[in-house]
Amino acid sequence: MKLGALLEMSNGDTPVSHRGMAGLNIDAEMAKRRSDVIEWLNSLFPGLRMPVDASEEELRARLLDGSLLCGILRRLSPGYSNEMRNDNYDSTPENSSENITKFVSVVENMGLPGFNVFDLEQGAVSTVVYCLWSLKDHLLSDVCQDGNSLVRSGGEGRTKPKVLQSTRFAPLSVVVGDGNGHSPASIGEQRRHSFHELRSPHYFQNTHISEPSTPQSPYGGHKFHDVFQLKQGHYYDIQASKISDMMKSNSLDNAPTQSLLSIMNGILDESIERKNGDIPQRVSSLLKRVAQEIERRIATQAEHIHNQNNLIKTREEKYQSRIRVLEALAMGTNEETQIVMEQLQLLKTEKHKIEEKNTHDEENIGRLLKEKEKNDKNTSELAKELETIKRAYKEQYRHMETKSKENQEEFEQKLKEVESYLEESRSRMKELEAISESKTQNWNHKEHVFQKFINLQQQSVKELRSSYDSIKLELAVSQKKWCEESIAFGKRLKVLTDAADNYHSILAENRKLFNEVQELKGNIRVYCRIRPFLSGEDKKHTTIEYIGENGELLIANPSKQRKDGQRMFKFNKVFGPASTQEEVFLDTQPLIRSVLDGYNVCILAYGQTGSGKTYTMSGPNGASDEEWGVNCRALNDLFQISRNRRDTYMYEVGVQMIEIYNEQVRDLLANDGSQKKYPFFPCDLITPINKC
Ligand SMILES: Nc1ncnc2c1ncn2[C@@H]1O[C@H](COP(=O)(O)OP(=O)(O)OP(=O)(O)O)[C@@H](O)[C@H]1O
């Protein structure tokens, strides 16, 4: 909020508690006044053409050189215009300050609010606006009182001066004519104070009594001029008729006060000089008239001063109330000041940001300018390229045109060919139509044949249906038979189920008997297997002389004689060198199977080194199915039996391979390679089957 606005607000129109709204109202009011003033100035100066919504700064710029203010005074008084020229009141910058000061002094003398030159140059324009607005208001009110639109139309004011009444100001000089030497119509009109009085330079010189500058001045009548021209001692000699004319013409009303005083002094001095004290009647009448006029003017001036005093008092009261309001505002707005300071800080920050942004924008502009230059360069290059392309296109167009002509000729040629083809096609079509006709007849014939075939097929279908019915009947009979057979089969199946139950019990009994047989055969059996000669061994040096079927083995000892030279051994069975792995296994198989019935079995191979223990138990390295030893065959047999019995029993098979060497027991299936020593943990006894 501006200070000027605040001061206006303190006029009492707006409560202090509504400062915000009041500020807005005052701003609006000031804007309104500013636009009124601009409108008024535009009407005074048609060439001005200032927008009514112009800002304070724009208005300041227009008023700053003082030319407009001088113009206002000229419009108000063409005479003043001349005077200004005489006084060098032009609008040059050197005189602007002086002109403004003069304008302010005139306005203040009218009792209107003025302003400081500083206000117009740098301070609050609102005070200048208020001054102009008051002047406009004052002049318009005067015009309205007289029904005259002089102020609104400056041209009329210059060419047809009017005499308007002003009760507020009492000029010391009086308007007596229109500049053509004509007298006013009446005394009452002469006494009116119009803004035309502003034309008078004496008005602007205000409170001192001034004189017309020349005898030809439009402000004094010719009769008054005659009187003024009288030299000392000549007043007594003025003719009565002349004095009468002077008094009748009311020239005295228009005469400068200085002149009136000169007349009065002249008459009194002449009277003293003559020393007889007699003053002619006519001169005394003139003297009386002059004295009355001076008295009237003094009274008017006193009234004016009284009005000025009242105005000053009113202003003082107004300023006092403004000061009170400002004090209240100052007390009540500490917090607001704080907020304003914060907002100011924010604004500074914002300003700083905006400055940074501006810098950034400038950089951007620079960059954009460079880009623009680059783009211009590109554009020129593109234009050249376009020109080249254009030329190429023209060339191509010419080429295409030529080609088009060729194509057209070719097309016409082809058209002729097509027409000939068409003709040929027509003839071909006729031929085809003839062929088609013959084919149609052929198809009709075929249709007839097919119709016959269909009839035959339908006959066959009928026969098939009858056979289908007979088959269906046979099927029903068969189904009935099948049902009867199913029932009979169920009965037989029941018999088989019973037999199977008996089979299990018999099987258990068989197993029991089998194991008993094994036990009867002997829990410990000893077999002997004779290894064949290996390659490189001498087959003639064998010690075996006889192998019996019941386990007899006769060994010869060539180092001893007779009975001691032979020795008979008895085994459960002796396997000769030609015996196969399967034959060896088959003898141990029943014992191995008894494991599945809960018996413990141990098969031990014993013999000297190279006698074939490993071969018999495991088989040779990379053994085929035929060469598998007892171990692999036993496991294979056990897995097969457990698979066969899987519906009845569930077996768990574990494998362990150990080596006993030098009274040390080692696990041959150990994973870590360290070959754990006995005793093993129980879990080690169950080894995955795939390790076998
Ligand atoms: N019945 C057989 N038929 C053919 N070759 C055999 C037979 N028995 C053993 N051999 C062969 O005789 C050699 C020695 O056999 P094997 O290694 O099984 O003897 P071993 O008793 O296990 O010896 P060691 O105690 O030193 O381990 C092997 O080459 C083996 O192939």
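Quoted straight from UniProt, the Sequence similarities (unreviewed entry) entry for the chain says "Belongs to the TRAFAC class myosin-kinesin ATPase superfamily. Kinesin family. KIN-14 subfamily."

Draft legend 1. Geometry of the overall build of the chain. Along the backbone of the chain there are 20 helices and seven strands. Here the chain holds 692 residues, and 18% of them are scored as buried. Taking contacts inside the chain between residues at least 6 apart in sequence as the whole, the part at least 24 apart equals 59%.

Draft legend 2. Local environment of the nonpolar core. Counting residues in each nonpolar core, the largest one holds 32 residues, and the members touching the most others are Leu 69, Val 107, Val 128, Val 129 and Cys 131. Sorting the residues of this core by element identifies helix H2 (19–44), helix H3 (56–63), helix H4 (67–76), helix H6 (93–109) and helix H8 (125–146) as the ones contributing at least two each. Here this core takes nine residues from H8, the largest share from any one element. Ile 243, Ile 263, Ile 267 and Leu 286 belong to the second-largest nonpolar core, a separate cluster that totals seven residues.

Draft legend 3. Quick peek at the site of the ligand. Neighbouring the ligand are the residues Arg 531, Pro 532, Leu 534, Gly 607, Thr 609, Gly 610, Ser 611, Gly 612, Lys 613, Thr 614, Tyr 615 and Pro 620. Across the shell around the ligand, the residue classes break down as four nonpolar, six polar and two charged.

Draft legend 4. Structural context of unusual backbone geometry. Phi at Arg 49 is positive, roughly 50°, even though this residue is not glycine. Its location among the elements puts Arg 49 in the loop between H2 and H3.

Draft legend 5. Fine view of the environment of Phe 585. If you trace the backbone, Phe 585 turns up in helix H18 (residues 581–593). Separated by 46 residues in the primary sequence, Phe 585 and Asn 631 place their C-alpha atoms 9.0 Å from one another. Ignoring sequence-local partners within four residues, the contact set of Phe 585 consists of Val 630 and Arg 633.

Draft legend 6. Spotlight on the sheet that holds strand S4 (residues 566–570). Pairing is antiparallel across the open sheet formed by three strands, whose spatial order is S2-S3-S4. Each having just a single partner strand, strand S2 (544–547) and S4 make up the two edges of the open sheet. For this sheet the average axis-to-axis angle between neighbouring strands, irrespective of direction, equals 20°. The pairing of strand S3 (residues 552–556) with S4 spans five bridges and is classified as antiparallel. Counterpart to Glu 552 in the pairing with S4 is Lys 570.

Draft legend 7. Structural context of helix H15 (residues 257–274). End to end, H15 covers 26 Å across 18 residues, agreeing with the expected 26 Å (1.5 Å per residue, within 8%). Listed in full, the buried residues belonging to H15 are Thr 257, Ser 259, Leu 260, Ile 263 and Ile 267.

Draft legend 8. Here's a closer look at the packing of H15 against helix H16 (residues 281–332). Packing of H15 against H16 brings their axes to within 10 Å, and their N-to-C directions diverge by 145°. Relative to H16, the crossing made by H15 is left-handed. In contact with Thr 257, Leu 260, Leu 261, Ile 263, Met 264 and Ile 267 of H15, H16 contributes Val 283, Leu 287, Val 290, Ala 291, Glu 293, Ile 294 and Arg 297. Here the residues of the contact of H15 with H16 sort into 10 nonpolar, one polar and two charged.

Reading the values: the criteria
- Residues numbered from 1 in each chain as written.
- Predicted model: local features only at pLDDT ≥ 70, side-chain atom pairs only at ≥ 80, totals over all residues.
- UniProt positions renumbered as here; feature names shortened; annotations may be inferred.
- Helix = DSSP H or I, 4+ residues; strand = E, 2+ residues; numbered from the N terminus.
- Buried ≥ 20, exposed ≤ 12 C-beta atoms within 10 Å, placed from the backbone.
- Contact = placed C-beta atoms within 7 Å.
- Core = buried A, V, L, I, M, F, W, Y, C linked by C-beta atoms within 7 Å.
- Near = placed C-beta within 6 Å.
- Nonpolar A, V, L, I, M, F, W, Y, C, P; charged D, E, K, R; others polar.
- Pairing = 2+ DSSP bridges.
- Axes fitted to C-alpha atoms, helices over the stretch in contact; angles between N-to-C directions.
- Expected span 1.5 Å × (residues − 1).
- Left-handed = near helix turned anticlockwise from the far one by under 90°.

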